[in-house]
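Summary of the model geometry
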Amino acid sequence: RRVISEDTSLAPMDATADKEKPLSAGLLPGETVVKEGKAAILFPSANEVFYNPVQEFNRDLTCAVITEFARDLLAQRGVKVVVPGEKERVLVSLSEETNEDDAQTEEKNGAESPAVTATVGEKCERGLRVLEGLAASGLRSVRFALEVPGLQSVTANDFSTKAAALIARNAQYNGVSHLLEASCRDASMLMYEMRGKKERFDVIDLDPYGSPASFLDAAVQAVSEGGLLCVTCTDMAVMAGNSGETCYSKYGSVSIKAKYCHEMALRIILHSLDQRAGVYQRYIQPLLSVSVDFYIRVFVRVFTGQATVKNSASKQALVYNCVGCGSFHLQRMGRRTSNGKHMKYSPAAGPPVGPECEHCGQRHQLGGPIWAEPIYDLAFVQKVLSAVSGNPSRFGTSKRIEGMLSMVTEELEDVPLYYTMDSLSSTIHCSTPPLLQFKSALLHAGHRVSLSHACKNAIKTDAPPAAIWDIMRCWEKANPVKREKLSETSPAFKILSTEPSLEACFTVREDANPQSRKRHLTRFQENPQAFWGPKARAKAGGGIATNLQDKRKKCQNKRKNQITDSSEVKNFHCKKFRQVSSPRGSCAAIASNCVYFRQKDSTEKIYSASHKKKDTWHLYMSHSSSLFTALPKQCLSIKQSGWLSDVSMPFGFLPDETSVAGTLLLIHCSSC
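Predicted model only: the values in this text are computed from it and were never measured.

**A word on the side chain of histidine 359**
Checked against the element boundaries, histidine 359 lands in the loop between strand 15 (342-347) and strand 16 (364-371). By relative accessible area, which is 10% here, histidine 359 ends up buried. Here histidine 359 is in contact with Cys325, Ser327, Pro465, Ala466, Trp469, Lys494 and Ile495, once residues within four sequence places are set aside.

**Let's talk about the pairing of strand 15**
Counting buried positions along strand 15 gives zero out of six residues, so the element sits mostly on the surface. Taken together, strand 14 (residues 334-339) and the strand that follows it, strand 15, pair antiparallel across an intervening segment of two residues, in which glycine 340 is found at a positive phi of about 75°.

**Examining empty space enclosed by the protein**
Rolled over the atoms, a probe as big as a water molecule pinpoints where empty space is left. Inspection of every chain in the model, using the stated rule, returns one cavity of 30 Å³ or more. Around the largest cavity sit Glu263, Arg267, Ile375, Tyr376, Glu411, Leu412, Glu413 and Lys460, which together line it. Residues belonging to the lining of the largest cavity are distributed by class as follows: three nonpolar, no polar and five charged.

**Here we look at the pattern of salt bridges**
Here the structure, examined in full by the defined rule, presents 26 salt bridges. Its salt-bridge partner being arginine 140, residue aspartate 207 comes within 2.5 Å of it at the nearest N-O pair. Taken together, the residues aspartate 207 in the loop between strand 8 (201-206) and helix 7 (213-222) and arginine 140 in helix 4 (residues 139-147) connect sequence positions 67 residues apart. With respect to burial, aspartate 207 and arginine 140 carry one shared label: buried. Between aspartate 293 and arginine 400 there is a salt bridge, with the nearest N and O atoms lying 2.9 Å from each other. Note that aspartate 293 is positioned in the loop between strand 10 (282-292) and strand 11 (295-304) and arginine 400 in helix 14 (residues 398-410), a separation of 107 residues in sequence. The class of arginine 400 is buried, set by a relative accessible area of 9%. Here the residues in one salt-bridge network are Glu36, Arg59, Asp60, Arg143 and Glu147, joined through shared partners.

**What to know about the environment of serine 393**
Here serine 393 lies in the loop between helix 13 (378-390) and helix 14. The class of serine 393 is exposed, set by a relative accessible area of 68%.

**Remarks on the sheet that holds strand 12 (residues 316-322)**
Spatially, three strands are ordered 13-12-16 in an open sheet, and the strand pairing comes out antiparallel. Of all the strands in the sheet, the pair left with one neighbour each is strand 13 (328-332) and strand 16. Geometrically, the sheet is characterised by an average inter-axis angle of 25° between neighbouring strands, direction not taken into account. Pairing analysis gives five bridges linking strand 12 to strand 13, with the strands arranged antiparallel.

**Structural notes on the side chain of asparagine 311**
If you trace the backbone, asparagine 311 turns up in the loop between helix 11 (306-309) and helix 12 (312-315). By relative accessible area, which is 13% here, asparagine 311 ends up buried. A distance of 2.6 Å separates a polar atom in the side chain of asparagine 311 from a polar atom in the side chain of tyrosine 345.

Procedures and definitions
- Residues numbered from 1 in each chain as written.
- Predicted model: local features only at pLDDT ≥ 70, side-chain atom pairs only at ≥ 80, totals over all residues.
- Heavy atoms only, no water.
- Helix = DSSP H or I, 4+ residues; strand = E, 2+ residues; numbered from the N terminus.
- Buried < 20%, exposed > 50% of the residue type's maximum accessible area, 1.4 Å probe, protein only.
- Contact = heavy atoms within 4.5 Å.
- Pairing = 2+ DSSP bridges.
- 1 Å grid on protein atoms, 1.4 Å probe; cavity = no way out; pocket = protein on both sides within 12 Å on 5 of 7 lines; lining within 4 Å.
- Points joined across faces, edges and corners; volume = space filled by probe spheres on them.
- Nonpolar A, V, L, I, M, F, W, Y, C, P; charged D, E, K, R; others polar.
- Salt bridge = Lys/Arg side-chain N within 4 Å of Asp/Glu carboxyl O.
- Axes fitted to C-alpha atoms, helices over the stretch in contact; angles between N-to-C directions.
- Polar contact = N/O pair within 3.5 Å; in protein donor to acceptor, adjacent residues only side chain to side chain.

Here it is, written out as structure tokens:
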């Protein structure tokens with residue numbers, strides 16, 4: 001075992017690495033040592049190699065998942081995995097009596113137990129071949145070599161020559177050069193070259209900066225039969241609905257800006273993986289899919305089978321989302337029916353909704369297609385959860401992993417997407433019902449319900465939207481809203497105009513509160529640190545790490561730090577002034593008389609102007625005692641008369657000639 005020293009000395013990680021001590025002891029100028037898990041990484045101070053400490057949870061979870069995957073896969077190859085600090089697993093029978101058949105089965109299993117053991121840090125000839133396509137500093141790969149048992153080799157690849165050189169130094173510094181190999185290649189080309197059945201990797205990990213879309217086609221081909229594919233997506237703005245057209249170009253699915261956008265993002269990447277794998281007669285089996293912080297992470301196994309690939313169409317679905325009340329319906333892309341030993345495939349019937357929403361009368365948005373099957377394997381997640389909770393000292397984020405996986409196991413695996421309590425209550429403008437009372441009302445009505453790990457106040461249920469709105473109507477009767485203030489065209493008015501078809505019972509049930517909530521597990525942690533989101537992209541020249549926070553303060557939060565000094569205000573004209581031609585004439589000919597010009601004048605000040613439809617309103621500060629001398633003689637926008645057609649004064653009075661000075665005049669041009 002390799003133990004990281006508590007002091008700040010740069011001693012090697014292992015006694016067997018004495019030969020590597022001269023290299024590791026001499027740090028380059030500006031380098032620091034970053035410790036995470038059992039790894040200690042040499043890291044440059046400049047942003048030449050990407051590193052985000054907040055994603056320690058991501059790396060811890062990956063090590064836990066790969067360990068359990070290796071345990072299951074290597075058991076078939078006759079290898080037993082040994083994890084440091086893990087107690088021997090004992091199967092306990094709940095029955096008081098043990099029959100002879102069970103005893104004989106245990107003896108048989110004990111006789112056939114694997115004779116070969118695999119420990120961490122040692123090369124296993126029957127072990128897994130791991131590829132990290134975008135390794136950056138190599139921290140993840142080094143942790144694999146130090147913390148995951150049963151590995152044959154780890155290939156840490158990065159296209160940057162500086163990153164590849166740093167990976168080699170880190171492997172030598174941690175004493176894992178016999179397991180870890182640094183590579184400086186294009187990740188896609190490397191995976192394309194390893195498509196042969198004997199050359200494929202058992203585990204491929206892709207954690208790019210942004211979208212992994214360009215690597216997915218090569219990844220589904222380079223992973224072995226039944227191998228593990230780990231993918232991270234940090235382009236959540238695209239996958240959460242801000243750019244649906246961009247999401248379609250990258251993942252073949254249109255994202256929707258809805259409350260369930262984070263789970264929909266998980267199902268979009270799973271759809272994209274399954275679609276690309278289907279081209280090569282392969283299909284995916286999700287083991288675990290989580291939405292964490294600012295990214296999503298999926299773990300899937302890839303298999304080959306022409307007959308099973310035919311089921312792919314029936315696993316995908318389109319989403320009809322109401323823009324008024326947020327109700328959604330899923331439309332499967334295909335349908336399969338079992339006919340004895342044969343399976344019959346046919347197009348799906350639809351659509352499931354009418355031209356307008358039956359609850360609020362608004363239109364529907366169309367999103368997808370998305371993965372409509374379960375996004376995790378319950379048995380596998382329980383194995384990972386049992387291993388992490390039984391050995392909490394193994395990872396620094398064990399508490400959060402335990403809370404997150406506990407919530408995943410409690411979710412309804414066959415119910416896609418979810419509602420949120422705040423969106424339901426805001427739709428009808430009523431107070432938000434307590435979470436447990438709303439869950440209890442659904443349980444009393446005979447429906448299944450659970451929480452979701454992707455959103456704190458989410459509700460996953462198999463109840464139709466009609467039942468959900470009936471419960472909300474019953475809640476509104478007990479907590480009424482002011483109906484007279486509701487517009488007749490609003491979703492709230494139409495929903496509340498219908499009487500509920502059931503009498504909701506809000507008495508709290510015992511099974512409404514899940515175990516993860518009762519045990520107060522760490523489910524949704526607070527922000528770990530300031531500026532904890534996605535870090536800046538690594539640059540070849542580096543040199544931006546020192547002033548990164550200053551750059552953020554300059555470019556963000558502009559409304560919080562408004563410019564008050566007039567010397568800092570721009571003195572050039574606006575975009576309209578720079579336009580050579582406009583539909584109503586040349587704006588450039590106005591020069592300093594432009595109503596948007598910010599340079600101050602000695603005779604009169606132009607404060608603001610706003611365009612509403614086709615009318616132009618100008619706000620002037622008069623510096624003259626005469627009303628007519630204070631008013632301009634023509635419109636500055638089109639240089640025509642018409643200013644005096646409508647004059648309105650503040651507070652609704654018409655001042656005399658002596659009170660005009662210093663008064664704000666709202667002047668309307670009837671021409672433009």
